[in-house]
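Chain and residue survey
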Number of protein chains: 4
Amino acid sequence: MYNFRTDMADERRDIFKKANKLDDNIPGIESFERIENEYIKSNTVKILDKQGEQALGKPIGKYVTFDLKNLKLAGEEEIEDASNIISNEIRAIVSEKINKEGEVLVIGLGNQFVTPDSLGPKVVSEIEITRHLLKYAPECVVEGARSVSAVAPGVLGTTGIETLEIVKGIVDNVKPKLLIVIDSLASKSIHRISSTIQISNTGIVPGAGVGNTRKELSENTLGIPVIAIGVPMVVDLATITDDCLDLFIGKLQDEAKSNDYLNQLKNQDNYEEIRQALIPNEYNMIVTPKEIDELIENMKEIVSRSINYAL
Amino acid sequence: MYNFRTDMADERRDIFKKANKLDDNIPGIESFERIENEYIKSNTVKILDKQGEQALGKPIGKYVTFDLKNLKLAGEEEIEDASNIISNEIRAIVSEKINKEGEVLVIGLGNQFVTPDSLGPKVVSEIEITRHLLKYAPECVVEGARSVSAVAPGVLGTTGIETLEIVKGIVDNVKPKLLIVIDSLASKSIHRISSTIQISNTGIVPGAGVGNTRKELSENTLGIPVIAIGVPMVVDLATITDDCLDLFIGKLQDEAKSNDYLNQLKNQDNYEEIRQALIPNEYNMIVTPKEIDELIENMKEIVSRSINYAL
Amino acid sequence: MYNFRTDMADERRDIFKKANKLDDNIPGIESFERIENEYIKSNTVKILDKQGEQALGKPIGKYVTFDLKNLKLAGEEEIEDASNIISNEIRAIVSEKINKEGEVLVIGLGNQFVTPDSLGPKVVSEIEITRHLLKYAPECVVEGARSVSAVAPGVLGTTGIETLEIVKGIVDNVKPKLLIVIDSLASKSIHRISSTIQISNTGIVPGAGVGNTRKELSENTLGIPVIAIGVPMVVDLATITDDCLDLFIGKLQDEAKSNDYLNQLKNQDNYEEIRQALIPNEYNMIVTPKEIDELIENMKEIVSRSINYAL
Amino acid sequence: MYNFRTDMADERRDIFKKANKLDDNIPGIESFERIENEYIKSNTVKILDKQGEQALGKPIGKYVTFDLKNLKLAGEEEIEDASNIISNEIRAIVSEKINKEGEVLVIGLGNQFVTPDSLGPKVVSEIEITRHLLKYAPECVVEGARSVSAVAPGVLGTTGIETLEIVKGIVDNVKPKLLIVIDSLASKSIHRISSTIQISNTGIVPGAGVGNTRKELSENTLGIPVIAIGVPMVVDLATITDDCLDLFIGKLQDEAKSNDYLNQLKNQDNYEEIRQALIPNEYNMIVTPKEIDELIENMKEIVSRSINYAL
């Protein structure tokens, strides 16, 4: 299978079409776009059969991607509008799977102490949970309220335990009817970082993500429907550089440039051109190791001790 | 002046030499390397005169860079060794400038809520301050102890005030004899992120950093000697991509490749090659907007509201 | 002067009246109450002259206290209502002191890492600052916008520097026309913790607070008007216990109880009675050392090492 | 059963003896003290049979309490010494229950965002886990290393799920041989807050704690041995006030005081006496609602909005 290096279904569709020089739809794939409002556009990709599965490396199901423009500058009103639009989609998928009283468990994947991996735990702490109230203080809950619980199970690197094992254990004991899993994703586009949301009715089935050996969280492994809500948080550095090379080679070929030109290119400072070509104006992109939080703790230790000893 | 896009004196020296095809030392610059121990190497660059200043875009003074190998895996012992070696350098510079009792103020620059910019405030919170004890509880301090205070003044974007204005105000009132300023730097090399420390006796004189319009923190502007301790925390994405292009063009030229080859290159997946060429094995580099913390708060809001509304 | 052990002007007024068996107003003091809405009551105390100053141990000026009911359960609407009511008071005081364009500096006192002392720094990080925009990007600010900056200067225990020295330094350099200072206060009543706001036009003039030797932040020391916004965050344990004894002695006297009764009292478990008498139902009051954050770090270290060594 | 309002076995023993006027040992209870070093004293209470269980309201087993003096001022050396002494006790209990390779799961109870309840999650993040390495990278682990994993399951109020249900789910899936549970406890003495550690081989069996309806975490409910490591973090306000009343009534009785004396007592300020009697000198005790973190977030919102609206 193609190594897509993105978890976004619509990006995979585009990569597949380009790689296979397809103008029409991919067999087994159906997709359409919708303008939700002035700031929000959605993109739905349906994988219909085995052939579609094979093409995009993702299981049969529906993947809806919401692109939010200018999230960084979003005020209270835009946030409220976006929440309403996206909640409609979630509500629709939930009601296809379970009835109005069906218990839901929300799982926030990721490491809360590593910023670009912290969305899941942060969302979990904002979910309005009702399960304990329904059990111990039913008078505090509106009649007919759905039972909702929420857990951030941590990551393999900090617990020593596969996420699937923890989630399976909780599901077996708590017996919810449906799971909503929040996750950080990889995208191929820096424009989409923390400003795009992908909702799917298939759960999380790791395919060609960033060297991810995580186990599947899905109806297959857990026995109940799993809705996945993912937000791209990082782009792999090599992915971006690879894109840049492609663009660059294209330019060389188009212009049938001479060796002199190459020489000149190499000696001149192409920084500003590259900056403008690759990087959206609103953000200031930086390259950082994923382990930056850990590194900075050690460095803090050394620098502060050095000063303390010196003084 | 050349746009170095790095704050490290030794990287600037290398860039200048390469750009000017110099094999020998740069006029006005003296430099040497030292193996400090199995894990630590230091690199001293002395800028001796106006000519040296011009070349590197940094003021006359001494810049010592310590490269720590494998900091990520450092145990208590390596941290202690590194602290001792670096404290010797700091002690030496301090004692050139002030006497044993001279009061020192430590300033931690940066925004504590943005991980790659949080080193300064984090170090400040670990400094053993004595100024208040000497003033209000002298019996708690060893005889002859130096007066040490420490402040994290915040950043322009969160206070609305230039760092220099705040620091100048404090210096005018507290009247220390010397300032030590901790700062996050930009480097050209991802290998150096959070594993290199640069100490200089010149303070912070922003030159060709990453679009930095910050004002100088130095004896010039503050009236007392300023020692700067900086640690590279980020590499600019365009810088890395630019380096990559240079490498790539070099390869094309060396191999006098045909258009067929270019075609092939473009169609094949160069990801793994690029990955191996550019990225150190120990770290998992990611590209992220500098504003990631702010973005993630908005996104958390939207995703959690969407779920709450839907359920 | 009486040791009030509270920073709240209305509590001091009540203590003074009770201690001096006054039924009428205290000479030099004027005060009135107002129902602001269903949830909010305000209490204004004006200290008119030297005699009033002497009585309450606070300087001449106006002190307005807003009591918010059930803040813990407050929804978005109640928070918005409260913000509007309190902003009216702040706006009124500000406009008495400076004109519409007069620059304001907001100072958040306290230690952000100690929860009950963290209000000031937390508020500062939410203030909409404009000073840097007016200076560097005036096109981003509405015409006629006031210049606002905001600093959290830290506390003596972590900087080694008196807050007044830092603030004075900044004021001298930034030259605002008015200061708003946010502070955590002591109250005599556990009902008021984090649900009462006191606004005064006198700045912060430490009198009989909890062993507080802090220096005055006021027009006297800084040369510009200072508005103080304070929120009670803690009650001193001995204060509460003292109140309890008073109540208890009163009960003994009222009932002219015999020694047998005392014996019985001592042997029975009075816990539930005390609990009900002293502690508001909504909150679960705990007694904790102010240094709990520091203590817990050491304890974490010991427990985790113990386990690691044992395993 | 007596309402002890403490989770510490040695405090319960003392309360029971005093309440029942026992001079000798309690039937069914064995106990002894040991001086561990200059700073550390341990106290072992063994509950031997049903009679002992009944007396102390805790199950048959061994409870060892370590009192650390002056933890607040502890340096690296004292922390290391304490860790060694306590790890010996843990190692002894572990080796009674399982063999050298037996897999251990560490569970950190409590809410990481509420300081006095955050010890468990904080310890978990420092545990050296090996389970994932043994599974996926055995070459990184020393030959014969024990499999260790660690989870902070959150609290009922934030997950909606009983801790027992989550832990049971994980235990059923991960199948460790032994559990170590870290927990925050209630004590009757403010001197013990965050400076005492109780280790027991019985797990957590909630009895007469502070209104605790939590379910048992023990071999009974989980099917594997459970070691509990607890640290007192709070004292209930009514508990302290009740103690104070007892002391006070005793004083009245001893001195057969007249009504005049009561009058005088009531009118004088007893604050300093109470302060000295009740409160250890090293710490500055405060009374705060357990929900302080939540309250402060709402208050931050109101104060910052008020200022923003006003300006």
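Residues numbered from 1 in each chain as written. Chains lettered and ligands numbered in written order. Predicted model: local features only at pLDDT ≥ 70, side-chain atom pairs only at ≥ 80, totals over all residues. Heavy atoms only, no water.

1. Quick look at the overall build of chain A
Tallying secondary structure elements over chain A gives 12 helices and 9 strands in all. Considering chain A as a whole, with its 311 residues, one finds that 59% of them fall into the buried category. Sequence-distant contacts in chain A: of pairs separated by 6 or more residues, those separated by 24 or more amount to 69%. (Helix = DSSP H or I, 4+ residues; strand = E, 2+ residues; numbered from the N terminus. Buried < 20%, exposed > 50% of the residue type's maximum accessible area, 1.4 Å probe, protein only. Contact = heavy atoms within 4.5 Å.)

2. What about the confidence of the model for chain A?
If pLDDT is low for a region, its predicted coordinates should not be looked at in detail. Residues and elements named next belong to chain A. Counting all residues, the mean pLDDT for chain A is 82, and 77% of those residues have values of 70 or more. The model gives residues 207–212 a pLDDT under 50, and that stretch makes 11 contacts with residues more than four places away or in other chains. Overall fold confidence for the complex sits at a pTM of 0.81, while the interface term, ipTM, reaches 0.79. (pLDDT = per-residue confidence, 0-100.)

3. Side note on the interface of chain A and chain D
Contacts between the two partners involve 27 residues from chain A and, on the opposite side, 27 residues from chain D. Taken over both partners, the interface formed by chain A and chain D buries close to 2200 Å², and the fraction arising from carbon and sulfur atoms is 54%. When the buried surface of chain A facing chain D is broken down by residue, I161(A), E165(A) and N173(A) rank first, second and third, together holding 22% of it. As a salt-bridge pair, E165(D) and K135(A) come within 3.7 Å of each other at their nearest N and O atoms. Across the chain A-chain D interface, the total number found is 11 residue pairs in polar contact (both at pLDDT 80 or more). Elements represented by at least two residues in the side of chain A that touches chain D include exactly α5 (131–136), β5 (148–151), α6 (156–159) and α7 (163–174) of chain A. Ranked by the residues each element gives to the side of chain A that touches chain D, the list is headed by α7(A), at 8 residues. (Buried area = accessible area lost by both parts, 1.4 Å probe. Salt bridge = Lys/Arg side-chain N within 4 Å of Asp/Glu carboxyl O. Polar contact = N/O pair within 3.5 Å; in protein donor to acceptor, adjacent residues only side chain to side chain.)

4. A word on helix α7 (residues 163–174) of chain B
All names here are of chain B. The end-to-end C-alpha separation of α7 is 16 Å, in line with the 16 Å expected for 12 residues at 1.5 Å each. Along α7, 9 of the 12 residues are buried, which leaves the element largely enclosed by surrounding structure. Those residues of α7 that fall on the buried side of the exposure criterion are T163, L164, E165, I166, V167, G169, I170, V171 and V174. Looking at the residues trailing α7, positive phi occurs at K175, about 55°. (Expected span 1.5 Å × (residues − 1).)

5. Observations regarding the relation of the copies chain A and chain D
Under the fitted operation, chain A is carried onto chain D by 0.0 Å of movement along the axis and a turn of 180°, and the coordinates agree to an RMSD of 0.0 Å. Seen this way, the second copy is the image of the first under a two-fold rotation axis. Residues of chain A ranked by C-alpha distance from the rotation axis are headed by G169(A), positioned 1.8 Å from it. Of all interface residues in chain A, 100% are interface residues in chain D too; the two copies therefore contact each other through one and the same surface. (Least-squares fit on C-alpha atoms with pLDDT ≥ 70 in both.)

6. Here's the deal with the pattern of salt bridges
All names here are of chain A. On inspection of all chains with the given rule, the structure shows 44 salt bridges over all chains. Note that D67 and R192 form a salt bridge whose closest N and O atoms lie 2.9 Å from each other. Highlighted residues: D67 in strand β3 (residues 61–68) and R192 in the loop between β6 (178–186) and β7 (196–200), separated in sequence by 125 residues. Assessed through its relative accessible area of 18%, D67 is described here as buried.

7. Here's the deal with the packing of α7(A) against helix α7 (residues 163–174) of chain D
Running from N to C, α7(A) and α7(D) point in directions that differ by 125°, and their axes come no closer than 7 Å. It follows from the interaxial angle that α7(A) and α7(D) lie oblique. Our pair here, α7(A) against α7(D), has a crossing hand that is right-handed. In contact with E165(A), I166(A), K168(A), G169(A), I170(A), D172(A), N173(A) and V174(A) of α7(A), α7(D) contributes E165(D), I166(D), K168(D), G169(D), I170(D), D172(D), N173(D) and V174(D). Here the residues of the contact of α7(A) with α7(D) sort into 6 nonpolar, 4 polar and 6 charged. (Axes fitted to C-alpha atoms, helices over the stretch in contact; angles between N-to-C directions. Parallel < 35°, antiparallel > 145°, perpendicular 65-115°, else oblique. Left-handed = near helix turned anticlockwise from the far one by under 90°. Nonpolar A, V, L, I, M, F, W, Y, C, P; charged D, E, K, R; others polar.)

8. Points about the pairing of strand β7 (residues 196–200) of chain B
Residues and elements named next belong to chain B. Taking burial as the measure, the 5 residues of β7 include 5 buried ones, the bulk of the element. Alternating positions in β7 separate into two faces, T196, Q198 and S200 on one and I197 and I199 on the other, with burial throughout. Of the pairings in the sheet, the one linking strand β3 (residues 61–68) to β7 comprises 5 bridges and is antiparallel in character. Each residue of the ladder has a partner; that of F66, found in β7, is I197. Two elements, β7 and strand β8 (residues 226–236), share 3 bridges in a ladder whose sense is antiparallel. Across the sheet, S200 pairs through a bridge with A228, a residue of β8. (Pairing = 2+ DSSP bridges.)

9. Side note on the pairing of strand β2 (residues 40–47) of chain B
Consecutive side chains along a regular strand alternate between the two faces of the sheet. Residue and element names in this part refer to chain B. Burial runs high along β2: 6 of the 8 residues are buried. Direction of pairing for strand β1 (residues 29–35) relative to β2: antiparallel, over a ladder of 7 bridges. Bridge pairing in β2 places F32 opposite T44. The antiparallel pairing of β1 with β2 creates a hairpin that spans 4 residues between the two strands. Pairing between β2 and β3: 8 bridges, direction antiparallel. Paired with K46 across the two strands is K62, which belongs to β3.

10. Some thoughts on unusual backbone geometry
At K21(A), a residue that is not glycine, the phi angle is positive and equals roughly 50°. Structurally, K21(A) is set in the loop between α1 (9–19) and β1 (29–35).

11. What to know about the side chain of T163(A)
Positionally, T163(A) belongs in helix α7. Residues within four places of T163(A) in sequence aside, it is in contact with L109(A), P153(A), G154(A) and L217(A).

12. Things to note about the side chain of S42(C)
Residue and element names in this part refer to chain C. By the secondary structure assignment, S42 is in strand β2 (residues 40–47). Judged by its relative accessible area of 2%, S42 falls in the buried class. Here E36 takes part through its side chain, which lies 2.9 Å from a polar atom of the side chain of S42. Excluding residues that lie within four positions of it along the chain, S42 makes contacts with F32, E33, R34, E36, V64, T65 and F66.

13. Considerations on the environment of L164(D)
Residue and element names in this part refer to chain D. Along the chain, L164 turns up in helix α7. Expressed as a C-alpha distance, the spacing of L164 and P153, which sit 11 residues apart in the sequence, is 9.4 Å. When neighbours within four sequence positions are excluded, L164 is seen to be in contact with K215, E216, L217, T221 and L222.

14. Some thoughts on the environment of V45(D)
Residues and elements named next belong to chain D. In this fold, V45 is placed in strand β2 (residues 40–47). Put simply, V45 and I190 are 145 residues apart on the chain and 21 Å apart in space, counted from C-alpha to C-alpha. Dropping the residues within four chain positions of it, V45 is found in contact with A9, D10, R13, I29, E30, S31, L56, G61, K62 and Y63.

15. Quick word on the environment of L119(A)
Tracing the backbone shows L119(A) in helix α4 (residues 119–124). A relative accessible area of 0% places L119(A) in the buried class. Separated by 65 residues in sequence, L119(A) and S184(A) have C-alpha atoms that sit 6.6 Å apart. With residues near it in sequence (within four places) discarded, L119(A) still touches I182(A), S184(A), V231(A), M233(A), I296(B), M299(B) and K300(B).

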